[in-house]
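# Residue-level structural notes
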Amino acid sequence: MRRVYLDHAATTPVDPEVAQAMARVYRDVPGNPSSIYAEGRAARALVDEAREQVAEAIGAQLSEIVFTSGGTEADNLALRGAVKAYRGERDGIVASAIEHHAVLDTARDMVDHGEARLVLAPVSPQGIADVAFVASAIDARTAIVSVMHANNEIGTIQPIAAIGEICRQRGVLFHSDAVQSAGALELDVRKVAVDLLSLNAHKFYGPKGVGALYVRKGTRVATIQTGGGQEKGRRTGTENVAGIVGLGLAMTIAVRKREEESLRQSILRDRLIEGVLNAPVFATLTGHPTMRLPNSASFVLEGVDGTSLIAALDMAGFSVSSGSACTSGDTEPSHVILALGIDRELAKGSLRVTVGRSTTDADVEAFLAALPGVVARIRGSTPVHA
Ligand SMILES: Cc1ncc(COP(=O)(O)O)c(C=O)c1O
């Protein structure tokens, strides 16, 4: 059976050019970048080149890029490192209610350990963070505000320029998780008042397990792990040289393809939205109708369980996702969908369809043709919704 992959927000396949570059590193560059002899210097040169590629893509300086093991670590380093650097002088975190678990659970863990206080900013029914609330939540003890650039479940693009300005005026650090947007939306740190920015490679056709944190010059971020002192002591541990090479090249390719792909994918996205909303499946769009990632369509469907829907679509050959997760036999709706004010039962039927570079019109039409039958089948087999 032909498979149609429509879950590019979960991860993207590695670009063949990136895979080749990484294979060359594994084959030809055995050195540790910290070694001062030839093999080490060759590895160091590759890490430096990738740092230039990432820095150039976001308008940063070389010294402002810290490589990490991915988006989760970048978010942890931003929040934990910034609060730690304040040494108890400031411990407040203000975050939007729809942040990724890498931000929310990190902040909550810090609260549980008495290291931080957390205020969650609500979002509008269309998933846009409440800027006035964020401004009012900042106080003299606030260390950092964290609002993502674009949401991973509903694709909404957040007003980070406005939030950044408020943070700058109030003397508070601003972190943005740009994991979902880094390959798709332009972001120049010279134009947006962001101090810390997380990204990873696997959302823009690079490898999994590698990412970066942009740290604006002068921003104090304490290290959260101890060891050999790599990355100027900000993120210690031997660098993932091949992964970093993959990240740098994937970023460069993403920037090159951005305009053309964003336009092409947004046409597929809009066709998906129109097709699903017009299909006999009782679907409602989640997130903002226009201020959303070019590749992301998301819905809630009445009377279906998200986990069952994903499983049934999988059997029909389609890979998509749901914010709802199955925990101990029950479906737990996603915090993002609940934050939109959607009731728990309806929130359980969330569906996310995200297109990518390889998605064609035929893929989208095949999905739209299959969806009503699949939904009818699972509704029929779920007596409670019959
Ligand atoms: C918005 C957002 N932040 C953070 C992460 C975590 O990144 P990683 O998978 O590189 O740890 C993800 C990945 O799903 C994400 O979508």
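Structural notes, computed from the coordinates. (Residues numbered from 1 in each chain as written. Predicted model: local features only at pLDDT ≥ 70, side-chain atom pairs only at ≥ 80, totals over all residues. Heavy atoms only, no water.)

As a further point, take the site of the ligand. Near the ligand, the surroundings consist of 13 residues, among which Gly71, Thr72, Asp177, Asn200 and Lys203 are the closest. A distance of 2.7 Å separates an oxygen atom of the ligand from a polar atom in the side chain of Asn200. At a separation of 2.7 Å, an oxygen atom of the ligand approaches a polar side-chain atom of Lys203. Protein contacts shield 84% of the accessible area of the ligand, which totals 400 Å² for the unbound molecule. Comparing atom positions with the cavity grids shows the ligand to sit within the largest pocket. For the shell around the ligand, the leading source of residues is helix α3 (residues 71-85), giving three residues. (Near = heavy atom within 4 Å. Polar contact = N/O pair within 3.5 Å; in protein donor to acceptor, adjacent residues only side chain to side chain. Areas by Shrake-Rupley, 256 points an atom, 1.4 Å probe, with all protein chains shown as cover. 1 Å grid on protein atoms, 1.4 Å probe; cavity = no way out; pocket = protein on both sides within 12 Å on 5 of 7 lines; lining within 4 Å. Sits in = over half its atoms within 2 Å of the grid points. Helix = DSSP H or I, 4+ residues; strand = E, 2+ residues; numbered from the N terminus.)

Turning to the sheet that holds strand β4 (residues 117-121), a few remarks are in order. Reading across the sheet, the seven strands line up as β2-β8-β7-β6-β5-β3-β4 and stay open at both edges, with mixed pairing between neighbours. Taken across any chain shown, the strands that pair with only one partner, and hence form the sheet edges, are β2 (65-68) and β4. Neighbour to neighbour, the strand axes of the sheet diverge by 20 degrees on average, direction disregarded. The sheet contact formed by strand β7 (residues 196-200) and strand β8 (residues 211-215) spans five bridges and is antiparallel. Bridge pairing in β8 places Leu197 opposite Tyr214. (Pairing = 2+ DSSP bridges. Axes fitted to C-alpha atoms, helices over the stretch in contact; angles between N-to-C directions.)

Right, let's talk about the packing of aromatic side chains for a bit. Using the criterion set out here, one finds one aromatic pair in the structure. Consider the rings of Phe318 and Phe367, whose centres lie 5.7 Å apart with planes at 80 degrees: the pair is edge-to-face. Remark: Phe367 occurs in helix α11 (residues 361-380) and Phe318 occurs in strand β11 (residues 318-319); sequence separation between them is 49 residues. Of the residues examined, Phe318 reaches a relative accessible area of 6% and is grouped as buried. Directly above the aromatic system of Tyr86 lies the positively charged group of Arg220, at a separation of 5.9 Å from the ring centroid. The lysine or arginine in question, Arg357, covers the ring of Tyr205, its NZ or CZ lying 3.8 Å from the ring centre. (Phe/Tyr/Trp six-rings, centres within 6.5 Å; stacked < 30°, edge-to-face > 60°. Buried < 20%, exposed > 50% of the residue type's maximum accessible area, 1.4 Å probe, protein only. Lys NZ or Arg CZ within 6 Å of the ring centre and 35° of its normal.)

Summed over all chains, the structure comprises two cavities of 30 Å³ or more. Empty space within the largest cavity amounts to approximately 260 Å³. Contributing to the lining of the largest cavity are 22 residues, with Gly183, Ala184, Lys203, Tyr205 and Gln265 lying nearest its centre. Grouping the amino acids of the lining of the largest cavity by side-chain chemistry returns nine nonpolar, eight polar and five charged. Size it by volume and the second largest cavity reaches roughly 70 Å³. (Points joined across faces, edges and corners; volume = space filled by probe spheres on them. Nonpolar A, V, L, I, M, F, W, Y, C, P; charged D, E, K, R; others polar.)

Moving on to the packing of helix α7 (residues 241-278) against α11. The packing of two helices is summarised by the inter-axis angle and the distance between the axes. Running from N to C, α7 and α11 point in directions that differ by 15 degrees, and their axes come no closer than 10 Å. By the angle between their axes, α7 is roughly parallel relative to α11. In this structure, α7 crosses over α11, and the sense of that crossing is right-handed. Residues Leu268, Arg271, Leu272, Gly275 and Val276 of α7 touch α11, and the partners they reach there are Asp361, Val364, Glu365, Phe367, Leu368 and Leu371. Among the residues forming the contact of α7 with α11, the class breakdown is seven nonpolar, one polar and three charged. (Parallel < 35°, antiparallel > 145°, perpendicular 65-115°, else oblique. Left-handed = near helix turned anticlockwise from the far one by under 90°. Contact = heavy atoms within 4.5 Å.)

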